[in-house]
Structure formats: C-alpha cells, structure tokens
Amino acid sequence: MPIATPEVYNEMLDRAKAGKFAYPAINVTSTQTLHAALRGFAEAESDGIVQISTGGAEFLGGQYSKDMVSGAVALAEFAHIVAEKYPVNIALHTDHCPKDKLDGYVRPLLKVSQERVAAGRTPLFQSHMWDGSAEVLDENLAIARELLAEAVKAKIILEVEITPTGGEEDGVSHEINDELYTTVSDVERTAEALGLGENGRYLLAASFGNVHGVYKPGNVVLRPDLLRELQDGIAAKSGKTDPFDFVFHGGSGSTEEEIRTALENGVVKMNLDTDTQYAFTRPVADHMFRNYDGVLKIDGEVGNKKTYDPRSWGKLAEAGMAKRVTEACANLRSTGTKLK
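Worth saying up front: this structure is predicted, and the values here are computed from it rather than measured. Per chain, residues are indexed from 1 in the order of the written sequence. Note on the predicted model: pLDDT of at least 70 is required for a residue's local features to be given, and 80 or more for side-chain atom pairs to be given and counted; whole-chain, interface and lining totals, by contrast, use all residues. Think of the side-chain values as coming from all heavy atoms in the structure, minus any hydrogens and water.

Draft legend 1. Main features of the environment of Thr 326. Residue placement: Thr 326 occurs in helix H13 (residues 310-331). Any two residues whose heavy atoms approach within 4.5 Å at even a single point are treated as in contact. Residues within four places of Thr 326 in sequence aside, it is in contact with Gly 40, Glu 43, Ala 44 and Thr 335. A helix here means a DSSP run of H or I that spans at least four residues, while a strand means a run of E at least two residues long, and both kinds are numbered starting from the N terminus.

Below, the structure written as structure tokens:
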C-alpha cells in the first residue's frame, strides 16, 4: 500500500479514536530504521506512523551539511517508494520542532507539501509537530494558529504540544516537576485559539507527567486519568464528546495499565524512540562482541569480511527493531486493525 493519503490518514485516526487503540509513532534516522518500522507494522498487520525529529533530519542530511530539510525530504521520498511493498498504510510525520527551528524545518516542509497539493499530488508528509512547550502559552497558540492555517493548505494535520514534557528531546528539555500536568484551563485556551476541528484538524500532546528518555516503571508519576478530565472539561462547554485526539509522548517505561488508561481517554498516537533505538542497537552490539576477531583486523590479520559487512549486522538490527515495533502495536491494541 502507498503512504497514506490525507483521507486515509484521517480515517486511520478516526478508527483509532473509536476503537480505543493508538498507532505507534516510530522515530527513524535512516533507510534501514525506516524498513525496520515498516516491517514491524506489516508483521503486526497494523497501520502506523513513521516520524523524523529535527535531530533525525539533520543526521539524514549528512554530517557534511547537516541540512534538515533535504534529509527529511530525501527519506520521505524514499518512503513513498518502498512503502508500496508493505501491506499497511503509513503516515509520515515530523516530530518535535521548537520555535528556533521552524524556519529551517517545518515551514519549508509545509511549502513542499503545499506545492505538491497545488500540482494535484498528495502531500509529502501527512502531519507535522509544533513543539511550543518552551514558550508561554499565548505565544505557543498564536504560532500554532498560523501553522494550522498553513497545514490546511497542504491537507496536513498539525500536532501541537501545549505544555512541557519532562526530560530532553533533540535539545528541548524541561525539568521533571509538578508543571508537567496540563490543566483544563490550558485546553480551554487551546480550543479557543485553534477551534475543535472547524479550523483544521490537530493532534494534541497534553502533559500528564510524561518524561522523554529512559526510565523504569514507577520512577515517573504518570496520570493518564487526567486526560479524561481534559476531555470532559471541554465536552461540557462544546457539546462534543471526547473532542481531542491526544498524543502520548515520553512513553518509554510506561506500564500496561497506564497505556490502557491513556487509550480509553483518547490517545490515538504514542511516540516510541528510546526503546526502538535500543532494540536496533542491541543486536549490533551482540554481533560485535561475538565476532570481535572478525570485525577488527587484529595483530595484522585480515579480519572476516562476512562479519564486518554492514549487511551482516544490519539485518540483525532491522529484525530487532521490527520485533519491538510489533510489541508496541500489541501494547497499543493496533495489531490486526489495518485498513483493507
């Protein structure tokens, strides 16, 4: 199947919301991690989301120029070709983009998709994220309103993060403290600024104690029940049941119960990066330790080409990451839900 059209992406999100499941959103930084994500979704018979952060796009742009736009465009174009060989629908998304990188990342990518749509083609990406969590809420929402209007022109969905997520993600960091919880007042102001779909669809990354990075269950106080308070707080005024499509950031180390509660309260997308990074790298480390004498030319020897050939360990890395993606689909209840 091809990369999801705007219509298919909207249907994917609608089905997730109605079915109380979510799509894993897998960060990728190479063609190989892209294939690993696609393979994992295909093996789980789940549609899914693949995303590129600003750091990932810079890496994809090559260490000579580190150009984020060319890196993101190149991988997206590659994805449009290779995804046709996988029997699932995939949406392409850009992850966290703070204010100082908008002009060098999201805004140019929006223009690319606008030009494609004007020419009768589908957008290059299906959604983009604006991370204004480091800004005061008024400025955050003012920028979000501007970006949402541009996204509509490109038939793209916008993701907004209105309050901080703890930890660090590509240079955007927040302390882990009591401010990591979105309030009903915060989402009321969001609805006033962006509407509830009439001005364009958006995904909402609300904070309920989420922390980016590595942590064990119990080390972070997640309150996914807070999402119900936010939904009901706006539903009471708008008359719309469950008005928000929520995104779960910083999900590494979450318990099954926490994930389940989040799904029941409107989460349709959950980001995975830390866990899949490890799942990709762990088999490589194992290969290197097991084949130390072969991957290195020790004491003047020639080594073993079959063990240092990147394909030998790259296949293991792909399989390891794909397996973690299938596990994520099971945890988020998207397994077997692909659109026919």
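Draft legend 2. Region of interest: the packing of helix H7 (residues 184-194) against helix H8 (residues 226-238). The angle between two axes is taken between their N-to-C directions and runs from 0 to 180 degrees, where each axis is a line fitted to C-alpha atoms and a helix contributes only its stretch in contact. The geometry of H7 relative to H8 is characterised by a closest axis approach of 9 Å and an angle of 50 degrees between their N-to-C directions. As summarised for this structure, H7 and H8 are arranged oblique, according to the angle between their axes. Seen from above, H7 lies across H8 with right-handed handedness. Contacts between H7 and H8 involve Val 184, Val 187 and Glu 188 on the former and, on the latter, Glu 229, Leu 230, Gly 233, Ile 234 and Lys 237. Angles are sorted into four bins: roughly parallel if under 35 degrees, roughly antiparallel if over 145, roughly perpendicular if 65 to 115, and oblique for all others. Left-handed describes a crossing whose near helix is turned anticlockwise from the far helix through less than a right angle; right-handed describes the clockwise counterpart.

Draft legend 3. Broad picture of the nonpolar core. Ranked by size, the top nonpolar core spans 80 residues in total, and within it Phe 41, Tyr 105 and Val 160 carry the most contacts. Here the element with the most residues in this core is helix H4 (residues 68-82); it accounts for 8 residues. Not counting residues within four places of it along the chain, the set of residues in contact with Tyr 105 comprises Ile 52, Ser 53, Thr 54, Ala 57, Met 68, Val 69, Ala 72, Thr 94, Asp 95 and Cys 97. Nonpolar cores are built from buried Ala, Val, Leu, Ile, Met, Phe, Trp, Tyr and Cys residues. Side-chain atoms within 4.5 Å join them into one set. We call a residue buried when its accessible area falls under 20% of the maximum for its residue type, exposed when it is over 50%, and partly exposed in between, using a 1.4 Å probe and counting protein chains only.

Draft legend 4. Spatial organisation of the pairing of strand E5 (residues 157-161). For E5, the buried fraction is high: 5 of the 5 residues fall into the buried class. Every second residue of E5 is oriented toward a common face, with Ile 157, Glu 159 and Glu 161 on one face and Leu 158 and Val 160 on the other, all of them buried. Pairing between strands is defined by DSSP: at least two bridges between them are needed. Judged from the 5 bridges that link them, strand E4 (residues 127-131) and E5 form a sheet pairing that is parallel. From the neighbouring strand, Trp 130 faces E5, where its bridge partner is Val 160. We call a crossover right-handed when, viewed with both strands directed away from the observer, the connection leading from the first strand over the helix to the second proceeds clockwise. Handedness of the crossover joining E4 and E5 through helix H6 (residues 137-153) is recorded here as right-handed. By the bridge criterion, 4 bridges tie E5 to strand E8 (residues 202-205) in an arrangement that is parallel.

Draft legend 5. Structural view of the confidence of the model for the protein. Think of pLDDT as the predictor's per-residue confidence, scored from 0 to 100. For the protein, the mean per-residue pLDDT works out to 93, and 93% of the residues sit at or above 70. The low-confidence segment residues 172-177, where pLDDT is below 50, has 17 contacts with residues more than four positions distant or belonging to other chains.

Draft legend 6. Representation of the pattern of salt bridges. Note on definitions: salt bridges are taken to be side-chain nitrogens of Lys or Arg within 4 Å of carboxyl oxygens of Asp or Glu. Counted by the stated rule, this structure contains 23 salt bridges. One salt bridge in this structure joins Lys 17 and Asp 245, with 2.9 Å as the shortest N-O distance. Here the residue Lys 17 occupies a position in helix H1 (residues 6-19), and Asp 245 occupies one in the loop between H8 and strand E9 (246-248), the gap between them amounting to 228 residues. Assessed through its relative accessible area of 7%, Asp 245 is described here as buried. With its nearest N and O atoms 2.9 Å apart, the salt bridge here joins Lys 269 to Glu 159.

Draft legend 7. Quick peek at the packing of aromatic side chains. Any two of the Phe, Tyr and Trp rings considered here, Trp counted by its six-membered ring, make a pair once their centres fall within 6.5 Å; the pair's planes then place it as stacked at under 30 degrees, edge-to-face at over 60, or tilted in between. In total, this model carries 3 aromatic pairs according to the counting rule given. Both rings, one in Phe 21 and one in Tyr 23, keep their centres 5.4 Å apart while their planes meet at 85 degrees; by these two values the pair is edge-to-face. Across this residue pair, the class does not change: Phe 21 and Tyr 23 are buried. Judged by centre distance (4.9 Å) and plane angle (65 degrees), the rings of Phe 208 and Phe 248 are edge-to-face. Residue Phe 208 is found in the loop between E8 and H8, and its partner Phe 248 is found in strand E9; the two are separated by 40 residues along the sequence. By the burial criterion, Phe 208 is buried, and Phe 248 matches it.

Draft legend 8. Structural detail: the environment of Trp 130. Along the polypeptide, Trp 130 turns up in strand E4. Along the backbone, Trp 130 and Leu 158 are 28 residues apart, and their C-alpha atoms lie at a distance of 7.3 Å. A polar contact of 2.9 Å, which involves the side chain of Trp 130, links it to the side chain of Asn 140. Identification of polar contacts relies on pairs of N or O atoms within 3.5 Å, with a donor-acceptor requirement for protein atoms, meaning one able to donate a hydrogen and the other able to accept it, and with residues adjacent in sequence counted only if both atoms are side-chain atoms.

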